[in-house]
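Structural features, examined
Below are the chains, spelled out letter by letter.
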Amino acid sequence: MKKSFFIFSFLSFFISTSVSFAQTNSGISELVNELKKQDKRIRYLEKEIIELQEHSYQKQKVKNNYNDHSILDIPYYKQKKFRSVKISHREINNNYINFPLVASPPGTFGAVSNMPSNSGSILGISSQIPNRTTEFDGLVLKWGKGLPSFSTPDGNYSFRVRGRILADYGASFSSRFPQQNISRTILRAARLGVQGRARNLSWVLEGDFSSNTLQLMSAFATWTDKTAGLLSEYTIGNKFSERGFDGSTGSSDTVFLNRDIVANLLVPMMGWYGLGGAYKIYGKNWHIATQISGDQVNSTNNTNNVRDDLTYLLRAHYIPFKDKVSLIHLGFWGFYEDSKPTQNFTQNVNLLNYTDNAFNFQVGPTAPLSHSLSGGVELFGIWKSFWALFEFGLRKLSLRRTYSSYPNYALWAGKSGSEEALSVQGGVFLTGETPNYFAHSGVWAAPRVLHPVTQGGLGAWEVSLRYDRASVSRSLGSSNASTVTLGVNWYFLNYARFMFNFTHANVLNTHGLYIGYNSGNTLGGRMSITF
């Protein structure tokens, strides 16, 4: 280094002396100009060498004020081999991950490959999820989901394109109603959006094109700060609501093609998204989420001069036990909704796949809803590559006494009824992966495949089984339903998978088009890519 400084100093002195002498002789003005250019070039190269000397083989460290560890090391895997890549006359170190990976303990950030699909970036959290990274000239590129995310080394500024494509096929058979025995394909989701961060402020904007029309999905801004020394978030906008374990998980992260019956039956009238405000606070092994929302932004109420349904939601989870191979998760949730006077209640809950929307659990009658109160519990556990989940929920509904034009409404006017749902499910990764549990908010996320097919491996193979049951009180029709679903998931990459489900369903409907006892089966598949 000293030698290079000496050479550059000597050359600079020589050039300066030559320039002074040359200016006395007009015949060599061209030489003077050329020497000036060379002087600028030498100074530029000197600066470049100093920067490269300081940068070479240096481990980047990022301060994280919201984690138990004050310093996070990047990259997260041991660097056993490097390959130099030339970009614009600069050399950088492209760090490679050695495959196959070793399974991380459950509940750690190494057990997942990215943030949950319905979440934005969380300050101090998203940077802890290990990904292949490339750093060049102060810009960090992360390659966790096929497309790069761009960020500064300290993580204060970031931007990435996000989206998902879920293409489904389903074939239903054995129903006593021929209209329910169908075979078809659908796009479950075709989303495209962007997300970014500027220090404490983050934002997400995402639309869905699956119905051949644009629907706005996530559209919110979040301010991240501390409350009593704990990470907290203040959000305003159209946001996915937290409601149960499966109900708080994005469609691209669920284990089965459909969420469980607890999530699908006990839904407020506003739906899965709500336009309003939310507050979350995170501890070391727990979190609490609250939300106050009106109707979602795609509601037909946008064109009517009628007030929204107002919904108040709460969810919390706590991890009382965790070690290197196991984990226990406890959770509870609830919501209260005050419905607008024109809101009519009826439900058609899909029991097979989204490809068959005729085989439903019909909850009736169609009548004006006054308000409802719902709540549930979650029990989840991991042992090595095995996982199990139990969910149970109840909902009490009160109907209005106002006049309705629906037939026989007087039989239910002013009455109340209840719904209840239960789900028991479990699974195992046959290839040794740790179940893809995101402990920070208690939901599913994308798994970390130990040996993806791009590295000559078999990918990750998961087998799962689920039993669902639901029923409603006599005042709402005394209907009931149950399903058993066997699932196989093949994650050939962290962000891409094929899903296969077989579902057998039994249902007793007292309202709707298909009244009486019925049973049916479906074979379903999905190609899922999340980026």
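Treat the numbers as computed from the prediction; the structure is a model and nothing was measured.

**Looking at the overall build of the chain**
Summing up its helical and strand segments, the chain has 3 helices and 26 strands in all. Counting all 531 residues of the chain, 51% fall into the buried class. Across the chain, the fraction of contacts at a sequence separation of at least 24, relative to all contacts at a separation of at least 6, is 63%. Per element, the accessible surface of the chain, about 25,200 Å² overall, is 60% carbon and sulfur.

**Quick word on a nonpolar patch on the surface**
A grouping of Leu139, Leu147, Phe150, Phe159, Val161, Leu192, Trp203, Leu205, Phe209, Leu214 and Leu216 is seen on the molecular surface, where their side chains present a nonpolar patch of about 950 Å² in accessible area. Contributions of two or more residues to the nonpolar patch are made by strand E7 (147-151), strand E8 (157-173) and strand E10 (201-208). Counting through the fold element by element, Leu214 comes out in the loop between E10 and strand E11 (215-227).

**Some details on the pattern of salt bridges**
Under the defined criterion, the tally for this structure stands at 13 salt bridges. With a closest N to O distance of 3.9 Å, Arg466 and Asp246 form a salt bridge. Residue Arg466 is located in strand E23 (residues 460-472), and its partner Asp246 is located in the loop between strand E12 (230-240) and helix H3 (261-265); the two are separated by 220 residues in the primary sequence. Classification of Arg466 as buried rests on a relative accessible area of 5%. Exposure remark for Asp246: the relative accessible area of 2% places this residue in the buried category. With its nearest N and O atoms 2.5 Å apart, the salt bridge here joins Arg395 to Glu337. Of this pair, Arg395 sits in strand E19 (residues 386-399) while Glu337 sits in strand E16 (residues 326-338), and the two are 58 residues apart along the sequence. In terms of burial, Arg395 and Glu337 fall into one category: buried.

**Remarks on the pairing of strand E26 (residues 516-530)**
Bridge count between E8 and E26: 10 bridges; the pairing is antiparallel. Residue pairing for E26: Leu166 is matched across the bridge by Ser528. In this sheet, E26 lies alongside strand E25 (residues 496-509) in antiparallel orientation, the contact comprising 14 bridges. Note on E26: the bridge partner recorded for Ala505 is Gly520. Between E25 and the antiparallel strand that follows it, E26, lie 6 residues; Gly512 among them carries a positive phi value of about 100 degrees.

**Examining the pairing of strand E20 (residues 416-429)**
In this structure, E19 lies alongside E20, joined through 13 bridges in antiparallel fashion. Within the sheet, the bridge partner assigned to Trp387 lies in E20 and is Gly427. In this structure, E20 lies alongside E23, joined through 11 bridges in antiparallel fashion. Pairing of Gly427 across the sheet is with Ser464, part of E23.

**A word on the packing of aromatic side chains**
Enumeration over the complete set of coordinates arrives at 19 aromatic pairs. On the basis of an interplanar angle of 50 degrees and a centroid distance of 5.1 Å, the ring pair of Tyr234 and Tyr279 is categorised as tilted. Of this pair, Tyr234 sits in strand E12 while Tyr279 is found in strand E13 (residues 273-282), placing the two residues 45 residues apart along the sequence. For the cation-ring pair, Lys239 lies above Phe220, with the distance from its terminal atom to the ring centre recorded as 4.2 Å. Sitting over the ring of Phe256, Arg466 keeps its end group 4.5 Å from the ring centre.

**Structural notes on the environment of Val488**
Positionally, Val488 belongs in strand E24 (residues 480-493). The class of Val488 is partly exposed, set by a relative accessible area of 26%. The sequence separation of Val488 and Ser464 amounts to 24 residues, and the corresponding C-alpha distance is 6.4 Å. Excluding anything up to four places from it in sequence, Val488 contacts Trp461, Glu462, Phe498, Met499, Phe500 and Asn501.

**Focus: unusual backbone geometry**
Look at Ala228: it is not a glycine, yet its phi comes out positive at around 55 degrees. Looking at where Ala228 falls in the secondary structure, it is placed in the loop between E11 and E12. The phi angle at Lys384 is positive, at roughly 55 degrees, despite the residue not being glycine. Note that Lys384 resides in the loop between strand E18 (360-383) and E19.

**Overview of the confidence of the model for the chain**
Here the chain averages 82 in pLDDT, while 79% of its residues score no lower than 70. Across residues 55-96, where pLDDT falls below 50, the model places 81 contacts with residues more than four positions away in sequence or in other chains.

**What about the nonpolar core?**
One broad trend across soluble globular proteins is that nonpolar side chains are buried collectively. Ile261, Leu265, Leu351 and Phe361 are the most contacted members of the largest nonpolar core, which totals 26 residues. Going through the elements one at a time, H3, E16, strand E17 (344-350), E18, E19, E23 and E25 are the ones with two or more residues in this core. Ignoring sequence-local partners within four residues, the contact set of Leu265 consists of Gln347, Val349, Phe361, Val363, Arg395, Glu419, Glu420, Ala421 and Ala470.

**Remarks on the environment of Asp323**
Of note, Asp323 is situated in the loop between strand E15 (310-322) and E16. According to the relative accessible area criterion, Asp323 is partly exposed, its value standing at 33%. The sequence separation of Asp323 and Trp383 amounts to 60 residues, and the corresponding C-alpha distance is 9.6 Å. Among all residues touching Asp323, those that are not within four sequence positions of it are Pro105 and Pro106. Within the local environment of Asp323, its side chain forms a polar contact with the backbone nitrogen of Val325, the two atoms lying 3.0 Å apart. Within polar-contact distance, the side chain of Asp323 engages the side chain of Ser326 at 2.7 Å.

**Let's talk about the side chain of Asn501**
In this structure, Asn501 sits in strand E25. You can call Asn501 buried: its relative accessible area is 5%. Polar contacts involving the side chain of Asn501 include one to the main-chain amide nitrogen of Leu257, which spans 2.9 Å. Each residue touching Asn501, except ones within four places of it in the same chain, is listed here: Phe256, Leu257, Thr485, Leu486, Gly487, Val488, Thr522, Leu523 and Gly524.

Cut-offs applied
Residues numbered from 1 in each chain as written. Predicted model: local features only at pLDDT ≥ 70, side-chain atom pairs only at ≥ 80, totals over all residues. Heavy atoms only, no water. Helix = DSSP H or I, 4+ residues; strand = E, 2+ residues; numbered from the N terminus. Buried < 20%, exposed > 50% of the residue type's maximum accessible area, 1.4 Å probe, protein only. Contact = heavy atoms within 4.5 Å. Areas by Shrake-Rupley, 256 points an atom, 1.4 Å probe, with all protein chains shown as cover. Patch = residues over 30% accessible without salt bridge, like charges linked within 9 Å, V, L, I, M, F, W, Y side chains within 5 Å. Salt bridge = Lys/Arg side-chain N within 4 Å of Asp/Glu carboxyl O. Pairing = 2+ DSSP bridges. Phe/Tyr/Trp six-rings, centres within 6.5 Å; stacked < 30°, edge-to-face > 60°. Lys NZ or Arg CZ within 6 Å of the ring centre and 35° of its normal. pLDDT = per-residue confidence, 0-100. Core = buried A, V, L, I, M, F, W, Y, C linked by side-chain atoms within 4.5 Å. Polar contact = N/O pair within 3.5 Å; in protein donor to acceptor, adjacent residues only side chain to side chain.

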